[in-house]
Amino acid sequence: MSKDGKVSFCQCLKGEKVPQGNSSNMKSLVSMQDLKLIGLKSHDCEILMQQFLSVAIRGILPKIVRHTITRLCSFFFSICCKVIDPLKLDELEDEIVVIFCQLEMFYPPSFFDIMVHLVVLECMALN
């Protein structure tokens, strides 16, 4: 991301307001000097991936990349629901494979370590 993109991303996250108890205060997790997210707990990462990331990248990334990342966020939201429809599991498994194929077109191979591919294994385990 360019420096302007990072500034826009951080400003968007810094301006987010969440219901009390939903996640940490995003304002305290964003460092505008370093243009980084700091001190994220696992639940904060979960909320970021499911809800905030797709909003924060809206005007920053190209449309096709933004669409793929939004699909990934939607996938995480689907598998983190309290109840998952067993009939949707096959769709989710197919969806994550397509998402990763699209991500491999945009990001270098060094991005894809074993942790990234654990998402596919997790989806297969749900099935």
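Our subject is the structure listed above.
Reading the values: rules and limits
- Residues numbered from 1 in each chain as written.
- Predicted model: local features only at pLDDT ≥ 70, side-chain atom pairs only at ≥ 80, totals over all residues.
- Heavy atoms only, no water.
- Phe/Tyr/Trp six-rings, centres within 6.5 Å; stacked < 30°, edge-to-face > 60°.
- Buried < 20%, exposed > 50% of the residue type's maximum accessible area, 1.4 Å probe, protein only.
- Helix = DSSP H or I, 4+ residues; strand = E, 2+ residues; numbered from the N terminus.
- Expected span 1.5 Å × (residues − 1).
- Salt bridge = Lys/Arg side-chain N within 4 Å of Asp/Glu carboxyl O.

All right, on to the packing of aromatic side chains then. Following the criterion strictly, the structure yields 1 aromatic pair and no others. Relative to Phe76, the ring of Phe75 lies with its centre 5.8 Å away and its plane at 65 degrees, an arrangement referred to as edge-to-face. The pair Phe75 / Phe76 is uniform in exposure class, with both members buried.

A positive phi angle is found at Leu35, which is not glycine, with a value near 55 degrees. Looking at where Leu35 falls in the secondary structure, it is placed in the loop between β1 (30-31) and β2 (36-37). The exposure class assigned to Leu35 is buried, which follows from its relative accessible area of 16%.

The subject of this paragraph is helix α4 (residues 63-79). Over its 17 residues, α4 extends 24 Å from the first C-alpha to the last, a length consistent with the 24 Å expected when each residue adds 1.5 Å. All of the buried residues along α4 are Val65, Thr68, Ile69, Arg71, Leu72, Cys73, Phe75, Phe76, Ser78 and Ile79.

Attention now goes to the pattern of salt bridges. Enumeration over the complete set of coordinates arrives at 1 salt bridge. Ionic pairing is found between Arg71 and Glu95, a salt bridge with its closest N-O pair at 2.8 Å. Here Arg71 is found in helix α4, whereas its partner Glu95 is found in helix α5 (residues 89-106), with 24 residues between them in sequence. Residue classification places Arg71 among the buried positions, given a relative accessible area of 19%.

Remember, this is a structural readout, not a statement about activity or role.
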